[in-house]
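Coordinates in review
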Amino acid sequence: MDVFQKHVLRNKYLQYLLVGALFLIPVIFPGFSTSFLTLMGGVVYLAIAGTGYNVLLGYSGQISLGHAAFMGLSAYVSAYLTGEMGLPFGLSFLFAVLAPFLVGLLLGAIAVRLQGFYLAIATLGFGEILRLIFIEMDWFTGGFSGSQAKYPMIFGARLTKEQTYIGMVVLMVLLMMLVYHLVNSHTGRALIAMKNSQHAAQAMGISIFKYKLVAFAISSLFAGISGVCYVHFIRYSDPTVWTAMLSLNLIAQVVVGGNGTIGGPIIGALVIRGLPDLLKSTPIIGEIAGIPVLLSGVLMIVVLMFYSKGLIFIPAGIRLALRKHILRREREKGKGA
Amino acid sequence: MAETIEKNVTENAASEKVLKVSNLSISFGGLKAVDDLSFSIDRGQIYGLIGPNGAGKTTVFNCITQFYKPDEGSILFTAKDGRTHELTRLPAHKVIRLGLVRTFQNTEIIRELSVLDNLLLGAHSQFTSGVVSDMFRMPWARRQEKAMRAQALEVLEYIGLQRLAEESAAAQPYGVLKLIEFGRTLLCNPSLIILDEPAAGLNESETQTLMALIRGVSRDYHCSALVVEHDMRLVMGICDRICAISFGRMLAEGVTSYIQQHPAVQDAYLGKEEA
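The structure displayed is predicted, hence computed values, not measured ones. (Residues numbered from 1 in each chain as written. Chains lettered and ligands numbered in written order. Predicted model: local features only at pLDDT ≥ 70, side-chain atom pairs only at ≥ 80, totals over all residues. Heavy atoms only, no water.)

Below, the discussion takes up helix 3 (residues 115-122) of chain B. Given 3.6 residues to a turn, an α-helix orients residues that are three or four positions apart in the same direction. Across the 8 residues that make up helix 3 of chain B, a large majority, 8, are buried. Those residues of helix 3 of chain B not exposed but buried are Val 115, Leu 116, Asp 117, Asn 118, Leu 119, Leu 120, Leu 121 and Gly 122 of chain B. Each element contacted by the buried residues of helix 3 of chain B is listed here: helix 9 (186-196) of chain A together with helix 5 (139-158) and helix 6 (174-185) of chain B. (Buried < 20%, exposed > 50% of the residue type's maximum accessible area, 1.4 Å probe, protein only. Helix = DSSP H or I, 4+ residues; strand = E, 2+ residues; numbered from the N terminus. Contact = heavy atoms within 4.5 Å.)

With that out of the way, let us pick up the pairing of strand 8 (residues 192-196) of chain B. All names here are of chain B. Taken across its 5 residues, strand 8 has 5 buried, putting it largely inside the fold. The pairing of strand 8 with strand 9 (residues 224-228) spans 5 bridges and is classified as parallel. If you follow Ile 193 over to strand 9, its bridge partner there is Ala 225. Crossover connection from strand 8 via helix 7 (residues 204-220) to parallel strand 9: handedness right-handed. (Pairing = 2+ DSSP bridges. Right-handed = clockwise from strand over helix to strand, strands pointing away.)

Residue and element names in this part refer to chain A. Its 21 residues give helix 6 (residues 116-136) an end-to-end C-alpha distance of 31 Å, which sits within 8% of 30 Å, the value for a rise of 1.5 Å per residue. For helix 6, the complete set of buried residues consists of Leu 119, Ala 120, Thr 123, Phe 126, Gly 127, Leu 130, Arg 131, Phe 134 and Ile 135. Tucked into the core, helix 6 has its buried residues touching helix 4 (67-83), helix 5 (89-111), helix 7 (138-141) and helix 11 (208-234). (Expected span 1.5 Å × (residues − 1).)

As a further point, take the pattern of salt bridges. Residue and element names in this part refer to chain B. Applying the stated criterion across every chain yields a total of 15 salt bridges over all chains. Notably, a salt bridge pairs Asp 35 with Arg 249, separated by 3.1 Å at the nearest N-O pair. Remark: Arg 249 occurs in strand 11 (residues 249-255) and Asp 35 occurs in strand 3 (residues 31-42); sequence separation between them is 214 residues. Among the ionic pairs, Arg 233 bridges to Glu 204, the shortest N-O distance being 3.3 Å. Of this pair, Arg 233 sits in helix 8 (residues 232-238) while Glu 204 sits in helix 7; the two residues are 29 residues apart in sequence, bridging distant segments of the chain. (Salt bridge = Lys/Arg side-chain N within 4 Å of Asp/Glu carboxyl O.)

Taken together, the contact pairs 28 residues of chain A with 30 residues of chain B. Buried surface at the junction of chain A and chain B, both sides included, amounts to about 2,700 Å², of which 65% is carbon and sulfur. Broken down residue by residue, the surface that chain A buries against chain B is led by His 186, Arg 189 and Met 204 of chain A, which jointly contribute 30%. Between chain A and chain B we count 3 salt bridges in total. Where chain A packs against chain B, one counts 11 residue pairs in polar contact (both at pLDDT 80 or more). (Buried area = accessible area lost by both parts, 1.4 Å probe. Polar contact = N/O pair within 3.5 Å; in protein donor to acceptor, adjacent residues only side chain to side chain.)

What follows concerns the state of the cysteines. Residue and element names in this part refer to chain B. Following the criterion strictly, the structure yields 0 disulfides over all chains and no others. Residue Cys 188 stays outside any disulfide, its sulfur separated by 8.5 Å from that of Cys 223, the closest cysteine. Residue classification places Cys 188 among the buried residues on the basis of a relative accessible area of 2%. (Disulfide = S-S within 2.5 Å.)

Summed over all chains, the structure comprises 16 aromatic pairs over all chains. Between Phe 39 of chain B and Tyr 47 of chain B the ring centres are 5.3 Å apart and the planes differ by 15°, which places this aromatic pair in the stacked class. For the pair shown, Phe 39 of chain B and Tyr 47 of chain B are each scored as buried. Put simply, the rings of Tyr 13, Tyr 16 and Tyr 180 of chain A touch in pairs and so form one group of aromatic residues. (Phe/Tyr/Trp six-rings, centres within 6.5 Å; stacked < 30°, edge-to-face > 60°.)

Attention now goes to the confidence of the model for chain B. With 92% of its residues at a pLDDT of 70 or more, chain B has an overall mean of 88. Both confidence scores are given for the complex: pTM 0.90, ipTM 0.88. (pLDDT = per-residue confidence, 0-100.)

Residue and element names in this part refer to chain B. Counting across every chain of the model gives 3 cavities of 30 Å³ or more. Counted as a void, the largest cavity has a volume near 60 Å³. Lining the largest cavity, in full, are Thr 103, Phe 104, Lys 178, Glu 181, Phe 182, Leu 195, Pro 198 and Leu 210. By residue number, the principal contributor to the lining of the largest cavity is helix 6, which donates 3 residues. Per-class residue counts for the lining of the largest cavity are 5 nonpolar, 1 polar and 2 charged. (1 Å grid on protein atoms, 1.4 Å probe; cavity = no way out; pocket = protein on both sides within 12 Å on 5 of 7 lines; lining within 4 Å. Points joined across faces, edges and corners; volume = space filled by probe spheres on them. Nonpolar A, V, L, I, M, F, W, Y, C, P; charged D, E, K, R; others polar.)

Another aspect to go through is the pairing of strand 5 (residues 72-78) of chain B. Residues and elements named next belong to chain B. When strand 2 (residues 17-28) meets strand 5, the two strands line up antiparallel, connected through 5 bridges. Bridge assignment links Leu 19 to a residue of strand 5, and that residue is Phe 77. Adjacent in sequence and paired antiparallel, strand 5 and strand 6 (residues 84-86) are bridged by 5 residues, among which Gly 82 carries a positive phi angle near 90°.

Quick look at the environment of Met 71 of chain A now. Position of Met 71 of chain A relative to the elements: it lies in helix 4. Excluding anything up to four places from it in sequence, Met 71 of chain A contacts Tyr 45, Ala 49, Ala 223, Ser 226, Gly 227, Trp 242, Leu 246 and Leu 250 of chain A.

Positionally, Asp 117 of chain B belongs in helix 3. Of the residues examined, Asp 117 of chain B reaches a relative accessible area of 17% and is grouped as buried. Leave out the neighbours within four places in its chain, and Asp 117 of chain B touches Arg 189 of chain A together with Arg 149 of chain B.

Below, the structure is given as structure tokens:
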């Protein structure tokens, strides 16, 4: 049992594969509606963006309110390249992800000089400018009416909605593994050191400039992948999606799920995206407009009040409470005897 | 990287000095914190920098490690390969690559990381794997991580903390944090370790352990140490040479017994006797 626990349950790769398998339930078993699959697709693309955003916020301690615009950028690029230009999906994926990566590097170079609130405001402005460009460049983005895309075409075959979803889940699991590698390497230690003490980091030879850029570049890259997933799954992109509200959602997702943990952004995406819909489908509560959103807001505040480290720590918290309870019991028994 | 260091190399290969500070001055808004200070440290030597509170000791440290850029003066550092570098031309994060490493007065430990990971942070400048090879955990990145981990465990054993390797740094008492920070300096293949009040806040036995460690380092790691300390017993106990400063100016410099007897040093510490 001990060996099993150590090598199987604690094996991170298996854990991530298990998460992926759970996400695949709606396509493996019959009886799930298409709208449920759409909802889960929404969770997965947020989970991908959140996994990258966590490298920025959770591990490096940097903030950005511009990442929603990066997701939008790659969505539009991919829609344009596969639609108007007729490029194969693989090639357009590459360009679509490269675009926010490069813009993210640019934003990172600006961010090096800024901290805290100033960084938040600067990135907010950066994101809004990008969004206004989306609205204005209507030959490229379709302006307010948005732009259309299709399910990905791979080796000449058009994927179905289910297959696209499976692809997204596979990507999500892969990206979780990559981030796990990253944060447990010397690069990850450098990011965490930079977040905790810039002085210590510099004294240990960590270039603040380089690692801020690394954090922005990786999170932008993941935002780009997420944007491509979105546009080819929902098959539509318009400027109202890529607002700062979505960036705020990313922050909420990472913090509620568990800042600086691999699973946190996934749990966060499930809660932030799934909870309002779940409440909407419950009787009575769901029938009054606005109540589901309000309730999920309240729930989030409650979670943060009692579990400020994030939902992912709840099992550990319960285990600790149980152990304390057992210890106290034993002590009382000892006293009695 | 290599070119920037190359550029800063001056011909001074035969020098036995590991650090040579000449005419160092820095002022903050009209206040001269360090004023025309010169001293040098031999290879393998343990050198003390003493002075009353506010004498500018930590400022000297910050100038050497390039956290502050001095207004005037030169700081020459000779690395293990015999090349001499002008430190004032380097950014703070590049200094460690030459083998010059520091600790902080109030310890700068990364509380989120384990004790072992904090030590591995000291080895950061030794890693050559890039971000992408780290992300894909390429064989060479994994090999390097493994080798560094073994080295960090060795250092942990050296400072007597091997049983705490996987513990969280946040849970450790102050004395242990001081030791972790000291151990962290040993992982960058150092030529000179700069210790800013290593014994501050330590109890008697912890101070004894630390003294033995600092003395041992020059023997076991072939490196020098520059120590700022208020604990006179520690300074007098381990230092080969001492430089005493007051208000940013040098009072006296020499071997430990000479400094102990020096009237100006005694005045600065005990106050001048009214004649």
